[in-house]
Amino acid sequence: LTVYKGRESYIIGDAIPERIFSKLRGDVVKTCLAQYFCELAITICPREQNSEEFLKLILNSLYLLSENKRSAQLIKPCLEMRLASLAGYMPDLRMCRICGEYLCDNMLFLPKSGTIECADCHRENGDMKILLNRSSLTALRHTVYADDNKLFSFALPESDLDVLNEASENYLKYMFEKDFSTLNFYKTIS
Ligand SMILES: [Zn+2]
């Protein structure tokens, strides 16, 4: 891309595609998810700074989606949580923030603060909470703490993937104070 800086916006002078994810075009659900990935990039990636890591992560996600290497339900929360973490919004998922419990059957993820509390310690205050079992907790930690080359390498039952997606979506919603319109549309058709 050749980009010129205008007074209030940027102007694209010319662009040459390096890679076209043509398989995405044949699947309307995937196209919509890819649009959400782009909205994430526009919202989260830093401006006028070297953002190679962000670009690599987004291109990897588009590639995995396009080539059917991983399910959409697995790629999405990985991208969401990792992008947020890269941008400085890393949640603290190490242990229950009150008693220090590391793993239990009923851990609650609090998207508003990006922390976890075990069910024994949690006191209801009206804030949103997402109940994580052991595997969805482990998976959520994986999306944040795993090495880059292992980020997308895990498997999870469908019901746990749903919980993982709920956690990551809501975390981004709170952190970036945004209701992503492309996500809402994707959810209406997927
Ligand atoms: Zn606790």
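Residues numbered from 1 in each chain as written. Predicted model: local features only at pLDDT ≥ 70, side-chain atom pairs only at ≥ 80, totals over all residues. Heavy atoms only, no water.

Colleague: So what's going on with the packing of aromatic side chains? Residues and values would help.
Modeller: According to the stated counting rule, one finds four aromatic pairs in the structure shown. Between Tyr 36 and Phe 180, the ring centres sit 5.7 Å apart and the planes meet at 80°, which makes this aromatic pair edge-to-face. Here Tyr 36, found in helix H1 (residues 28-44), pairs with Phe 180, found in the loop between helix H5 (158-175) and helix H6 (181-189); they are 144 residues apart in sequence, far enough to count as distant. Per residue, the accessibility class of Tyr 36 equals that of Phe 180, and both read buried. Arg 141 extends its terminal NZ or CZ atom over the ring of Tyr 102, reaching a point 4.0 Å from the ring centre. (Phe/Tyr/Trp six-rings, centres within 6.5 Å; stacked < 30°, edge-to-face > 60°. Helix = DSSP H or I, 4+ residues; strand = E, 2+ residues; numbered from the N terminus. Buried < 20%, exposed > 50% of the residue type's maximum accessible area, 1.4 Å probe, protein only. Lys NZ or Arg CZ within 6 Å of the ring centre and 35° of its normal.)

Colleague: Give a detailed account of H1, specifying residues and quantitative values.
Modeller: With 17 residues, H1 should reach 24 Å at 1.5 Å per residue; the first-to-last C-alpha distance of 24 Å fits that figure. Every buried residue belonging to H1 is among Lys 30, Cys 32, Leu 33, Ala 34, Tyr 36, Phe 37, Glu 39, Leu 40, Ala 41 and Ile 44, and all of these are buried. If you follow the buried residues of H1, they end up packed against helix H2 (52-66), helix H3 (72-86), H5 and H6. (Expected span 1.5 Å × (residues − 1). Contact = heavy atoms within 4.5 Å.)

Colleague: Lay out the nonpolar core in plain terms, naming residues and giving numbers.
Modeller: If you look at the biggest cluster of nonpolar residues, it comprises 53 residues, and the most contacted ones within it are Phe 37, Leu 40, Phe 109 and Leu 172. Looking at this core element by element, the count peaks at eight residues for H1. With residues up to four places along the chain from it excluded, the contact list for Phe 109 reads Leu 93, Gly 114, Thr 115, Ile 116, Met 128, Lys 129, Ile 130, Leu 132, Leu 140, Ala 167 and Tyr 171. (Core = buried A, V, L, I, M, F, W, Y, C linked by side-chain atoms within 4.5 Å.)

Colleague: Describe the pattern of salt bridges, and please don't skip the residues or the numbers.
Modeller: Pairing is possible between side chains that carry opposite charge, provided their charged atoms lie close to one another. A full pass over the atoms with the stated rule returns 13 salt bridges. For Lys 112, the salt bridge identified is with Asp 127, shortest N-O distance 3.4 Å. With Lys 112 in the loop between strand S4 (107-110) and strand S5 (115-118) and Asp 127 in the loop between S5 and strand S6 (130-132), the pair connects residues that are 15 residues apart, well separated along the chain. Since its relative accessible area comes to 30%, Asp 127 is described here as partly exposed. Residues joined by salt bridges that share partners form a network here, namely Lys 76, Glu 80, Glu 169 and Lys 187. (Salt bridge = Lys/Arg side-chain N within 4 Å of Asp/Glu carboxyl O.)

Colleague: Give a detailed account of the environment of Val 163, specifying residues and quantitative values.
Modeller: As for its position among the elements, Val 163 is in helix H5. Considered as a pair, Val 163 and Asn 125 are 38 residues apart in the sequence and their alpha carbons are 21 Å apart. Other than its neighbours up to four places away in sequence, Val 163 contacts Ile 130, Leu 131, Leu 132 and Ser 136.

Colleague: Go over the packing of H3 against helix H4 (residues 134-145), please, and point to the residues and values.
Modeller: Following both chains from N to C, one finds H3 and H4 inclined at 50°, their axes separated by 8 Å at the closest point. In terms of orientation, H3 and H4 fall into the oblique class. Between H3 and H4 lies a crossing of right-handed hand. Residues Pro 77, Cys 78, Met 81, Arg 82 and Ser 85 of H3 form the contact with H4, whose own contacting residues are Leu 140, His 142, Thr 143, Val 144 and Tyr 145. Grouping the amino acids of the contact of H3 with H4 by side-chain chemistry returns six nonpolar, three polar and one charged. (Axes fitted to C-alpha atoms, helices over the stretch in contact; angles between N-to-C directions. Parallel < 35°, antiparallel > 145°, perpendicular 65-115°, else oblique. Left-handed = near helix turned anticlockwise from the far one by under 90°. Nonpolar A, V, L, I, M, F, W, Y, C, P; charged D, E, K, R; others polar.)

Colleague: Quick rundown of the side chain of Arg 82? Include the residues and the values.
Modeller: Checked against the element boundaries, Arg 82 lands in helix H3. For Arg 82, a relative accessible area of 7% gives the class buried. The contacts of Arg 82, once residues within four sequence positions are left out, are Leu 57, His 142, Thr 143, Val 144, Tyr 145, Ala 146, Asp 147, Asp 148 and Leu 151.

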